[in-house]
Every structure is written in structure tokens, then in C-alpha cells.
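The chain contents come next:
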Amino acid sequence: MASSLSVTIGRILLGLYFLIPGLMKIAEPANMIAYMQGHDIAFAPQLMWFAAIVNVVGGLLLISGRHVKLVAYGFVVYILVVNFLLHDFWNMEGPDVPHETQNFIKNLGILAGLLVLAGSSAARSLSPHEWWRSDKAILTK
């Protein structure tokens, strides 16, 4: 059985991994939009703002222990999309290849942590009733 303290710390750290970059996207959107446009991402400004909101809201939900299973699986999909669209080292040449390869592999490690978190978390109803309460509070009733 996984240590509750270890899972809690891991969940909070994973939440911070998404929250901080989300806040950075909001603070300096031009950098991320330019990066996305450099990868020929259509609708880069709109997708950047969507990603920023997802990062912040999802990060806060993980940190606070709410809808952990759903959020973790959602971030798994998010990482797969980001990896294949923005860290496509196989399409690159030159000095960016090692850095993007490292980002791709690092994200697979984060994805693995999210899968472990999702697998160790109980699912809960998406009902609007008591949506604000933590998973622990809902599932131990």
C-alpha cells in the first residue's frame, strides 16, 4: 500500500508542476505564443490561453485533492498532445534536438507519475453536489 504522505506530497508536486507554468503563461503569454507559432500550431493564442487555464485550474485541483483521478488522466492527455506537437525532436536538426529530446523524456516521467496517481486515486461523481469538497472528504463519508 502506498504511503498516504508520499502520495500527498507527490500529488502536490505534480500540481505545482502544472500551476507554476500556467501562471507563467498568463504573466508572459507572448513567449509561449511565439514558441507555439514556431511549431506551426494553428490558433496558437487561443490554445495558449486554454492551456494556461487548464494548467492553473488542474494544478489547483491536484494540490487541493479534488477530482484527482479525472485531473490526472486529463493531464496525461495534455502531456501527450504537448509532447507530440511541441517537443517533436525527431523533426528537428541542430542544437535544439538534445533539449527537446530531454523535454520529451522528462514529460514521459511526469506522465508516469500522473498514471500512478490516477491509479491510486478513487473516482468520484462529477455531480455538482459538493463539487468543492476534497476527494478524501467525499469518499470517506
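What counts, and where the lines are drawn
- Every chain begins its residue count from 1, and numbering advances along the sequence as written.
- Two thresholds apply to this predicted model, a pLDDT of at least 70 for residue-level local features and 80 or more for giving and counting side-chain atom pairs, whereas whole-chain, interface and lining totals are computed over all residues.
- Neither water nor hydrogens contribute to the side-chain values; these are computed over all heavy atoms in the structure.
- Numbering of helices and strands starts at the N terminus; helices are DSSP runs of H or I of at least 4 residues and strands are runs of E of at least 2.
- Relative accessibility under 20% of the residue-type maximum defines a buried residue, over 50% an exposed one, and the middle range a partly exposed one, all with a 1.4 Å probe and only protein chains included.
- Contacts are assigned to residue pairs with any non-hydrogen atoms lying within 4.5 Å of each other.
- Residue burial considers only the protein chains on display, and all accessible areas are found by Shrake-Rupley using a 1.4 Å probe.
- In this charge count, Lys and Arg are treated as positive and Asp and Glu as negative; neither His nor the chain ends contribute.
- In this description, the location of a charge corresponds to atom NZ of lysine, CZ of arginine, CG of aspartate or CD of glutamate.
- What a helix should span is 1.5 Å times the count of its residues minus one.

Engineer: What should I look at first to understand the overall build of the protein in this one?
Structural biologist: Per the secondary structure count, the protein includes six helices and zero strands. For the protein, the sequential pattern of α-helices and β-strands runs α-α-α-α-α-α. For the protein, the C-alpha atoms occupy an extent of roughly 55 × 30 × 20 Å along the three principal directions. In the protein, which comprises 141 residues, the proportion classed as buried is 35%. The contacts of the protein with a sequence gap of at least 6 include a subset with a gap of at least 24, amounting to 63%. Total accessible area on the protein stands at roughly 8,500 Å², and carbon and sulfur atoms take up 72% of it. For the protein, the centre of its 9 positive side-chain charges and the centre of its 8 negative side-chain charges are spaced 23 Å apart.

Engineer: It is not clear to me how the environment of Phe 104 should be interpreted in this structure. Could you clarify?
Structural biologist: Its place among the elements puts Phe 104 in helix α5 (residues 96-119). For the pair Phe 104 and Phe 84, spaced 20 residues apart in sequence, the C-alpha separation works out to 8.3 Å. Leave out the neighbours within four places in its chain, and Phe 104 touches Asn 83, Phe 84, His 87, Phe 89 and Trp 90.

Engineer: What exactly am I supposed to notice about unusual backbone geometry here?
Structural biologist: Excluding glycine, most residues fall at negative phi; most peptide bonds, likewise, are trans. Positive phi, close to 55°, is recorded for Phe 43, a residue that is not glycine. Structurally, Phe 43 can be placed in the loop between α2 (29-38) and α3 (44-64). For Phe 43, a relative accessible area of 62% corresponds to the exposed category. Even without glycine at this site, His 67 takes up a positive phi of about 50°. Tracing the backbone through its elements, the reader meets His 67 in the loop between α3 and α4 (68-86).

Engineer: Sorry, what's going on with α4 here?
Structural biologist: Side chains three or four residues apart in an α-helix point the same way, a direct result of the helix having 3.6 residues per turn. In a regular helix each residue adds 1.5 Å, so 19 residues correspond to 27 Å; α4 covers 26 Å between its end C-alpha atoms and thus fits that length. Taken together, the buried positions of α4 are occupied by Val 68, Val 71, Ala 72, Phe 75, Val 76, Tyr 78, Ile 79, Val 82, Asn 83 and Leu 86. Among the structural elements, α1 (4-27), α2, α3, α5 and α6 (135-139) are those in contact with the buried residues of α4.

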